[in-house]
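# Inside the fold
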Amino acid sequence: MPLPLLWLGAAALSAMTVKELATERQLQQAKRKNFRQAKKLTDLDRHEPLVAIYPTDLFATIQNVAPKFGAIVCCGIGGVLDHSGIWIGDDTILELDGRGLIKAVSTRRFTDNRTGDKIFVACDSQANCLTSEAAAQRAISQIFQYQQYHVINNNCHQFVWQCLKPGDEKLTTFKEFSERLARYFDRQVYWDLCEL
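Thresholds, definitions, all that
- Residues numbered from 1 in each chain as written.
- Predicted model: local features only at pLDDT ≥ 70, side-chain atom pairs only at ≥ 80, totals over all residues.
- Heavy atoms only, no water.
- Salt bridge = Lys/Arg side-chain N within 4 Å of Asp/Glu carboxyl O.
- Buried < 20%, exposed > 50% of the residue type's maximum accessible area, 1.4 Å probe, protein only.
- Helix = DSSP H or I, 4+ residues; strand = E, 2+ residues; numbered from the N terminus.
- Expected span 1.5 Å × (residues − 1).
- Axes fitted to C-alpha atoms, helices over the stretch in contact; angles between N-to-C directions.
- Parallel < 35°, antiparallel > 145°, perpendicular 65-115°, else oblique.
- Left-handed = near helix turned anticlockwise from the far one by under 90°.
- Contact = heavy atoms within 4.5 Å.
- Nonpolar A, V, L, I, M, F, W, Y, C, P; charged D, E, K, R; others polar.
- Pairing = 2+ DSSP bridges.

## Considering the pattern of salt bridges
Under the counting rule described, the total for this entry stands at 5 salt bridges. When the shortest N-O distance is used, the salt bridge between Asp97 and Arg99 registers 3.0 Å. Looking at Arg99, the relative accessible area reads 62%, which means it is exposed. Glu169 serves as the salt-bridge partner of Arg180, at 3.5 Å between the closest nitrogen and oxygen.

## Some details on helix H5 (residues 174-185)
End to end, H5 covers 16 Å across 12 residues, agreeing with the expected 16 Å (1.5 Å per residue, within 8%). Buried within H5 we find Phe174, Phe177, Ser178, Arg180, Leu181, Ala182 and Phe185. Positive phi appears at Asp186, one or two residues downstream of H5, with a value of about 55°.

## Side note on the packing of helix H4 (residues 156-164) against H5
At a minimum axis distance of 10 Å, the contact between H4 and H5 shows a crossing angle of 15°. Between H4 and H5, the crossing angle belongs to the class labelled roughly parallel. The chirality of how H4 crosses H5 is left-handed. Residue-level inspection shows His157, Val160, Trp161 and Leu164 of H4 in contact with H5, the latter providing Phe174, Phe177, Arg180, Leu181, Tyr184 and Phe185. Its residues assigned to classes, the contact of H4 with H5 comprises 8 nonpolar, 1 polar and 1 charged.

## Some thoughts on the pairing of strand S8 (residues 189-194)
Taken across its 6 residues, S8 has 6 buried, putting it largely inside the fold. Examined bridge by bridge, strand S1 (residues 51-53) and S8 share 2 bridges and lie parallel to one another. Paired with Val51 across the bridge in S8 is Val189. Note: strand S2 (residues 64-65) against S8, 2 bridges, orientation parallel. Paired with Asn64 across the strands is Leu193, a residue of S8. Examined bridge by bridge, strand S7 (residues 119-123) and S8 share 4 bridges and lie antiparallel to one another. By the bridge assignment for S8, Ala122 is matched with Trp191.

Put into structure tokens, the structure is as follows:
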């Protein structure tokens with residue numbers, strides 16, 4: 001008999017957590033309307049995060065953004081992980097796949113075999129894409145090349161990061177990747193829904 005009560009308690013706690021996250025996300029999106037210019041990291045309060053809004057298929061995203069050449073994009077995998085790439089235009093994203101092949105794929109292919117069907121773009125507080133033409137050119141120059149793929153030591157985030165900042169120290173997680181993007185572009189990062 002105690003087990004069903006435990007399940008009910010866990011379900012109630014989970015529902016409250018989701019509601020809190022949804023409310024926090026709505027507040028963050030509403031705050032951003034008041035910004036007159038892109039928020040640099042030096043403008044942040046010491047309690048504000050480098051990444052204001054992470055990508056999620058769970059909650060609605062108010063801001064839709066058309067990606068530009070060199071924009072950093074991502075989609076969800078299993079509700080836990082994210083997959084990243086670089087937008088090069090004409091419905092095309094460059095990615096490092098799980099076999100180590102660097103390839104150009106359509107937006108549909110980018111989200112195939114992944115649980116998330118939405119693509120998100122790294123933006124600043126004014127919904128301007130964080131872009132790097134140099135990173136896009138570096139990625140283009142590597143199409144059809146192989147790298148030794150490793151889910152921790154050499155993943156898609158590492159590929160995109162090395163296109164942005166060649167030779168920099170390795171990274172592993174999407175959170176670390178997003179925080180480095182904030183420092184690289186000197187902007188608080190918002191992962192906005194990609195307008196296709």
